[in-house]
2 protein chains.
Amino acid sequence: MNAPEKLPPTHIGFSLGAWSAQQLTAVEQALSRWVACPTDAPAPAGLGDAMRYAVLDGGKRLRPLLVMAACEAVNGNADAALRSACAVELIHAYSLVHDDMPCMDNDVLRRGKPTVHVKFGQAQALLAGDALQALAFEFLTPDDGSVDAATQARLCRMLAQAAGFQGMAGGQAIDLASVGLPLTSAQLHEMHRLKTGALLQASVMMGAACGAAPLAAQNALCDYGAAVGLAFQVVDDILDVTADSATLGKTAGKDAAQDKPTFVSLLGLQASRDYAQQLLAQALASLEASGLENTEALRALADMLVNRQH
Amino acid sequence: MNAPEKLPPTHIGFSLGAWSAQQLTAVEQALSRWVACPTDAPAPAGLGDAMRYAVLDGGKRLRPLLVMAACEAVNGNADAALRSACAVELIHAYSLVHDDMPCMDNDVLRRGKPTVHVKFGQAQALLAGDALQALAFEFLTPDDGSVDAATQARLCRMLAQAAGFQGMAGGQAIDLASVGLPLTSAQLHEMHRLKTGALLQASVMMGAACGAAPLAAQNALCDYGAAVGLAFQVVDDILDVTADSATLGKTAGKDAAQDKPTFVSLLGLQASRDYAQQLLAQALASLEASGLENTEALRALADMLVNRQH
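Criteria and cut-off values
Residues numbered from 1 in each chain as written. Chains lettered and ligands numbered in written order. Predicted model: local features only at pLDDT ≥ 70, side-chain atom pairs only at ≥ 80, totals over all residues. Heavy atoms only, no water. Helix = DSSP H or I, 4+ residues; strand = E, 2+ residues; numbered from the N terminus. Rg over C-alpha atoms; globule rule 2.2 N^0.38 Å. Buried < 20%, exposed > 50% of the residue type's maximum accessible area, 1.4 Å probe, protein only. Contact = heavy atoms within 4.5 Å. Areas by Shrake-Rupley, 256 points an atom, 1.4 Å probe, with all protein chains shown as cover. Lys, Arg positive; Asp, Glu negative; His and termini not counted. Charge placed at Lys NZ, Arg CZ, Asp CG, Glu CD. Salt bridge = Lys/Arg side-chain N within 4 Å of Asp/Glu carboxyl O. Phe/Tyr/Trp six-rings, centres within 6.5 Å; stacked < 30°, edge-to-face > 60°. Lys NZ or Arg CZ within 6 Å of the ring centre and 35° of its normal. Buried area = accessible area lost by both parts, 1.4 Å probe. Polar contact = N/O pair within 3.5 Å; in protein donor to acceptor, adjacent residues only side chain to side chain. Nonpolar A, V, L, I, M, F, W, Y, C, P; charged D, E, K, R; others polar. Least-squares fit on C-alpha atoms with pLDDT ≥ 70 in both. Axes fitted to C-alpha atoms, helices over the stretch in contact; angles between N-to-C directions. Parallel < 35°, antiparallel > 145°, perpendicular 65-115°, else oblique. Left-handed = near helix turned anticlockwise from the far one by under 90°. Expected span 1.5 Å × (residues − 1). Disulfide = S-S within 2.5 Å. pLDDT = per-residue confidence, 0-100.

**A short note on the overall build of chain A**
- Assigned secondary structure in chain A consists of 15 helices and two strands.
- Since a compact globule built from 310 residues should have a radius of gyration of about 19 Å, the 19 Å found for chain A is in line with a globular shape.
- Along the longest, intermediate and shortest principal axes, the C-alpha atoms of chain A span 50 × 50 × 35 Å.
- Looking at chain A as a whole, 61% of its 310 residues are labelled buried.
- Within chain A, counting contacts between residues at least 6 apart in sequence, those at least 24 apart form 74% of the total.
- For chain A, the computed accessible surface area is about 11,200 Å², with 53% contributed by carbon and sulfur atoms.
- In chain A, the 21 positive side-chain charges and the 31 negative ones have mean positions that sit 2 Å from each other.

Set out below in structure tokens:
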């Protein structure tokens, strides 16, 4: 996030660190204000505390940054983008809460803190995740006139598809069924296309849906989102074996410990690193092909996603 | 559902049984066709089976019937109503899947069948519930031109609010925190207003949102939905102590066994029955005040909800 010296030469003059800080200030403020409304009709019986714990004070906010960057590329509605940015983060946050539960990954550490079910109990964690998913769709459907109805409907459609059985939840089901099994490259790609790729790609496409880009540009952004979504997972698999828990803020080495298939176990470490760089090149080429002008942030984010250390 | 002889005199000429059968045919067909698309891109890795098991072949479909009846009262868009009817049922179904899990109510019997986590395992049950919630919002946002964008956005907003922390999930959190505690009447009402009332009321209001009723009529339907939503829970509490598991299709007496506060434990059995009848009278009075003409189905549903035996 704050390593502009790593950016390729095309980014001279653009600081991802400064841009991200500005975007994240808006996103964090919105999340803090909107998640389970602390002052106006707060969530009852500790539910709001669990929801806020799951969302606030942590997370790299990659998905929100992709939304904001894509909206910037199409010069879209900033209110719609901010709501979309928060909505995708809520979906991501709820998936982590449920994924960490004992019946799933049974993880106790997340972002350097006890996971939600460790801190609030399993029942509250289950409810908090459920409530966060619903809240994502509330965020996308304000009745204050800031986002036109057609955009609201479109954003809801994109998010629902990315989160559901043809997206994230479907990918998690494949993941669940794949532990200990030898997956082919095609199967591993399909799992990750759904499990993490769908929501990352949707983040890009929702940002793009906040404006009115030509169809060719939308398709190019769609390709960018697919490449970035896949690259993210390849790098995640690499970091799972090369980084330690303190750097990651979550339990390192857990894929291997749980005998989960990964790109590293399938391709090996160096080939995985090469693959990540290929995907980065594809993502940048898609941006080039989009014909859009304000793609500095999308470029820098792709680079950061692939070259991150945690 | 098939007891028209119990309807008050005003319903002569209207058969709830025949009306319901017609509506439910459409709803069941739509659910069967749409839930985790069995033929076109099915849900992967057993997820679709768990989702379909949770939704199909069971359930009284009270919420879909309320949607359809309310849409009929305002002469609304039938496509929008059918999608809304399925969407509210998905939210209801997902809540049951999660509610039955060991970390919540730990129930093994639902609609006379093993619960989803018993049949498919906890992890798959968790994912199926999550995917059903997302699918509800997919149902509401078709891109085939059958439902205008403004209605789609409004339906998503209503459903998200009813399902989330200010609705169902919030009510469940209160429920969770209330086991073994003596609740006041006000606290018990607030819990049920959120836990079951919000989605029942939203069913009515979403049906109404499929048309364009005058504000006064919408407000009257809102009052009807609140009365019916509360009456449903009062009757549920009564049946929990008066009916057996075979009749209910779920474990009877579980509220008392789990030391959960109920209207029966708070008011006593006879006073609870009287209260249910008062709420029925309120619901019917609201319909009268709505000025709407085609309210036969809403009337008959209110009567059936209060006088049902399971």
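Right, picking up where we left off after that structure.
**Topic: the environment of Ala 285 of chain B**
- Tracing the sequence through the fold places Ala 285 of chain B in helix H14 (residues 269-290).
- For the pair Ala 285 of chain B and Met 68 of chain B, spaced 217 residues apart in sequence, the C-alpha separation works out to 20 Å.

**Points about the pattern of salt bridges**
- Inspection of every chain in the model, using the stated rule, returns 18 salt bridges over all chains.
- A salt bridge links Glu 89 of chain A to Arg 61 of chain A; the nearest nitrogen and oxygen atoms lie 2.8 Å apart. Taken together, the positions of Glu 89 of chain A in helix H4 (residues 78-99) and Arg 61 of chain A in the loop between helix H2 (47-55) and helix H3 (62-73) put the pair 28 residues apart, joining distant regions of the chain. Just as Glu 89 of chain A is buried, Arg 61 of chain A falls in that class too.
- Lys 195 of chain B is the salt-bridge partner of Asp 175 of chain B, the closest N and O atoms lying 2.8 Å from each other. Residue Asp 175 of chain B is located in helix H8 (residues 168-178), and its partner Lys 195 of chain B is located in helix H9 (residues 185-209); the two are separated by 20 residues in the primary sequence.

**With respect to the packing of aromatic side chains**
All names here are of chain B.
- Within this structure, the stated rule accounts for nine aromatic pairs over all chains.
- Between Phe 14 and Trp 19, the ring centres sit 6.4 Å apart and the planes meet at 50°, which makes this aromatic pair tilted. Note on accessibility: Phe 14 and Trp 19 belong to one class, buried.
- Lying across the ring of Trp 34, Arg 83 places its NZ or CZ 4.5 Å from the centre.
- Directly above the ring of Tyr 53 sits Lys 113, whose terminal nitrogen or CZ lies 4.3 Å from the centroid.

**Thoughts on the interface of chain A and chain B**
- Opposite the 50 residues of chain A that make contact, chain B presents 50 residues.
- Across the chain A to chain B interface the summed buried area is about 3,900 Å²; carbon plus sulfur atoms make up 73%.
- There are zero salt bridges connecting chain A and chain B.
- For the interface between chain A and chain B, the tally reads twelve residue pairs in polar contact (both at pLDDT 80 or more).
- Of the residues forming the side of chain A that touches chain B, the biggest block, twelve residues, is contributed by helix H6 (residues 122-139) of chain A.
- Across the side of chain A that touches chain B, the residue classes tally to 34 nonpolar, eleven polar and five charged.

**Re the relation of the copies chain A and chain B**
- For the pair chain A and chain B, the relating rotation is 180°, the translation along its axis is 0.0 Å, and the fit reaches an RMSD of 0.0 Å. Considering both components of the superposition, the chain copies are consistent with a two-fold axis.
- Looking at the interface residues of chain A, 100% of them are also at the interface in chain B, so both copies use one shared face.

**A closer look at the packing of helix H4 (residues 78-99) of chain B against helix H6 (residues 122-139) of chain B**
Residue and element names in this part refer to chain B.
- For the pair H4 and H6, the least separation of the axes is 8 Å and the interaxial angle reads 165°. When the interaxial angle is binned, H4 and H6 end up roughly antiparallel. The two elements H4 and H6 cross, and the hand of that crossing is left-handed. In this structure, H4 uses Arg 83, Cys 86, Ala 87, Leu 90, Ile 91, Ala 93, Tyr 94, Val 97 and His 98 to contact H6, whose residues at the interface are Ala 125, Leu 126, Gly 129, Asp 130, Leu 132, Gln 133, Leu 135, Ala 136, Glu 138 and Phe 139.

**Quick word on the packing of H3 of chain A against helix H9 (residues 185-209) of chain A**
Residue and element names in this part refer to chain A.
- The N-to-C vectors of H3 and H9 enclose an angle of 30°; their axes lie 7 Å apart at closest approach. Taken together, the axis directions place H3 and H9 in an arrangement best described as roughly parallel. The two elements H3 and H9 meet at a crossing, and its hand is right-handed. Residue-level contacts link Arg 63, Leu 66, Val 67, Ala 70 and Cys 71 of H3 to Leu 199, Leu 200, Ser 203, Val 204, Gly 207 and Ala 208 of H9.

**Points about the environment of Gln 270 of chain A**
All names here are of chain A.
- Following the sequence through the fold, Gln 270 ends up in helix H14 (residues 269-290).
- Residue class for Gln 270 comes out partly exposed when judged on its relative accessible area of 47%.
- With 20 residues separating them in the primary sequence, Gln 270 and Ser 290 have C-alpha atoms 31 Å apart.

**With respect to helix H7 (residues 149-163) of chain B**
- The terminal C-alpha atoms of H7 of chain B lie 21 Å apart, and with 15 residues this matches the ideal 21 Å at 1.5 Å per residue to within 8%.
- Within H7 of chain B, eleven of the 15 residues are buried, which leaves it mostly tucked inside the rest of the structure.
- Considered for burial, the residues of H7 of chain B that qualify are Thr 151, Gln 152, Ala 153, Leu 155, Cys 156, Arg 157, Met 158, Leu 159, Ala 160, Ala 162 and Ala 163 of chain B.
- Looking at the buried residues of H7 of chain B, the elements they touch are H6 and helix H7 (149-163) of chain A together with H4, H6, H8 and H9 of chain B.
- Between a side-chain oxygen at the N-terminus of H7 of chain B and the backbone nitrogen of Ala 150 of chain B the separation is 3.3 Å; the capping residue is Asp 148 of chain B.

**Quick notes on the side chain of Asp 99 of chain A**
All names here are of chain A.
- Examined against the element boundaries, Asp 99 turns out to sit in helix H4.
- Although Asp 99 is buried, it makes no salt bridge; Arg 110 carries the closest opposite charge, 4.8 Å away.
- What Asp 99 contacts, discounting residues up to four positions off in sequence, is Met 104, Asp 105, Asn 106 and Gln 172.

**Description of the state of the cysteines**
- Using the criterion set out here, one finds zero disulfides over all chains in the structure.
- Free cysteine Cys 86 of chain B: the closest other cysteine sulfur is in Cys 210 of chain B, separated by 12 Å.

**Concerning unusual backbone geometry**
- Residues other than glycine seldom take positive phi values, yet Arg 61 of chain A does so here, at roughly 60°.
- Taking the relative accessible area as the measure of exposure, Arg 61 of chain A reaches 2% and is therefore buried.

**Looking at the confidence of the model for chain A**
- Residues with a pLDDT of 70 or more make up 90% of chain A, whose mean pLDDT is 91.
- The model gives residues 1-7 of chain A a pLDDT under 50, and that stretch makes 14 contacts with residues more than four places away or in other chains.

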